[in-house]
Each structure stands twice: as C-alpha cells, then as structure tokens.
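Here's the letter readout for the chains.
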Amino acid sequence: MERPEFDDWVAQRGAALLRFAYLVTRDHSRAEEAVQEALISAYPRWKRITRDGDPEAYVRRSIVNADISRWRKFFRRETVTESPVVGDAPDHAPDHAAAHADADAVWALCATLPTKQRAAVVLRYYEDLSDGDIAVILDCSPATVRSQIHRALATLRATVTEEVNR
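These numbers come from a predicted model, not from an experiment.

Asker: Could you give an account of the packing of helix H6 (residues 115-126) against helix H7 (residues 131-138), naming the residues involved and the relevant values?
Answerer: Two quantities define a packed helix pair, namely the angle between the axes and the distance from one axis to the other. Contact pair H6 / H7: the axes reach a minimum separation of 10 Å and the direction vectors enclose 140°. Judged by the angle between their axes, H6 and H7 are oblique. Crossing geometry of H6 relative to H7 is assigned as right-handed. In this structure, H6 contributes Lys-116, Ala-119, Ala-120, Leu-123 and Arg-124 to the contact, and H7 contributes Asp-131, Ile-134, Ile-137 and Leu-138. A class-by-class count of the residues in the contact of H6 with H7 yields 6 nonpolar, no polar and 3 charged.

Asker: Hey, could you go over H7 for me, with residue numbers and the actual values?
Answerer: Within the span of H7, buried status applies to Asp-131, Ile-134, Ala-135, Ile-137 and Leu-138. In an axial view of H7, the angular spread of the buried residues amounts to 165°, which keeps them on one side of the axis. Downstream of H7 by one or two residues, Asp-139 has phi in the positive range, about 55°.

Asker: Provide a residue-level description of the packing of aromatic side chains, including the pertinent values.
Answerer: In this structure the tally under the stated criterion is 3 aromatic pairs. Between the aromatic rings of Phe-6 and Tyr-43, the centroid separation amounts to 5.0 Å while the plane-to-plane angle is 75°, which identifies the pairing as edge-to-face. Of the two residues, Phe-6 is situated in helix H1 (residues 4-25) and Tyr-43 in the loop between helix H2 (28-42) and helix H3 (46-52); the sequence distance between them amounts to 37 residues. Given a relative accessible area of 7%, Phe-6 falls into the buried group. Judged by centre distance (5.0 Å) and plane angle (50°), the ring pair of Trp-9 and Trp-46 falls under tilted. Linking Trp-9 in helix H1 with Trp-46 in helix H3, this pair joins segments that are 37 residues apart in sequence. Pair check on accessibility: Trp-9 and Trp-46 agree, each one buried. Grouped by ring-pair contacts, the aromatic residues Phe-6, Trp-9, Tyr-43 and Trp-46 constitute a single cluster.

Asker: Mind laying out the pattern of salt bridges, listing which residues take part and the relevant values?
Answerer: Within the structure shown, the criterion is met by 8 salt bridges. Salt-bridge contacts for Arg-30 lead to Asp-67; the nearest nitrogen and oxygen are separated by 2.8 Å. Of the two residues, Arg-30 is situated in helix H2 and Asp-67 in helix H4 (residues 55-74); the sequence distance between them amounts to 37 residues. In this pair, the class of Arg-30 matches that of Asp-67, namely buried. Through salt bridges with shared partners, one network takes in Arg-13, Glu-56, Arg-60 and Glu-127.

Calculation notes
- Residues numbered from 1 in each chain as written.
- Predicted model: local features only at pLDDT ≥ 70, side-chain atom pairs only at ≥ 80, totals over all residues.
- Heavy atoms only, no water.
- Axes fitted to C-alpha atoms, helices over the stretch in contact; angles between N-to-C directions.
- Helix = DSSP H or I, 4+ residues; strand = E, 2+ residues; numbered from the N terminus.
- Parallel < 35°, antiparallel > 145°, perpendicular 65-115°, else oblique.
- Left-handed = near helix turned anticlockwise from the far one by under 90°.
- Contact = heavy atoms within 4.5 Å.
- Nonpolar A, V, L, I, M, F, W, Y, C, P; charged D, E, K, R; others polar.
- Buried < 20%, exposed > 50% of the residue type's maximum accessible area, 1.4 Å probe, protein only.
- Arc of directions from axis to C-beta.
- Phe/Tyr/Trp six-rings, centres within 6.5 Å; stacked < 30°, edge-to-face > 60°.
- Salt bridge = Lys/Arg side-chain N within 4 Å of Asp/Glu carboxyl O.

Below, the structure is given as structure tokens:
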C-alpha cells in the first residue's frame, strides 16, 4: 500500500531527523540506524500517528527510544576518551579552528550524558524547544524535562570544574 504523505513527510523532514539523531547518538551510523528504526516503526501506523498527534514528536521519541534500546540490548556504554579541555591550549592567539574545537569539546562532554539527558539538552539548546514540546517528544512531564536538563547541566559543570582543577 502506497503512502505518499509518508514519503513526502520523510523527504521533507529526513535531514532534520538525522541531524537530531546524530546529536543524540554522537555517531553517524547509530544515528542512521535510529532514524531507520523509527521510520520503519512509524510507517504502518502513519495514518493513526498523523490523525492522533504530532508525527515529528512521535518519530523523535522513537529515535531516542531506539538508541536507548540499542544500548540496553548490547549492554554498552559510551566511554570517555582523553580529550583536551578548553583552556589547555598554549597562551598564543588561537587559530581559526578554535571555535570548532570549542564546540567539539562541548559536544564531547554532552556525549558522556545519559541518552535522555542528552536528548533533553539537544532539544532545548540546539532545537530551541520549550519544556512542553520536549516533554511530548520524550514522553514525560515538563517537570521531568526541567529535572533532566538541570541534572545534565550539573554534571557538565562538575566535569568542567574537575578538568580545570587538574
């Protein structure tokens, strides 16, 4: 059975979903797998999904759940690797790549967060969504979203402080 509205929606939103998945998973192949799993799951339910609610939120939640399921399935955790902390560079003027290095360091720190906390941070600070919108995507209450973001930021602050004190 052909579902052109599904195909059109995927063609229009696919790139944004893949970017979101990459920011959640921090790995291109895992991001592609999570998006593929979410879309495969959504396809047979597409009429109900579009009739009952926001398909974007449904697919994003499915992406987060797919990554969590993958982690649980293989009992794997991401491991932190030694990486320079911002401020460890020599005292001379930074080169043109300094901004990219800083951004990469921030995302490397975010990669150490649990998946739901990382997803909440990405949705808040990268996608600029409200607590309510994030709650719909993560299938939780707005208070839980605020709690997840608060815990994530506390963890990031502690990690940066620990690195600076070394």
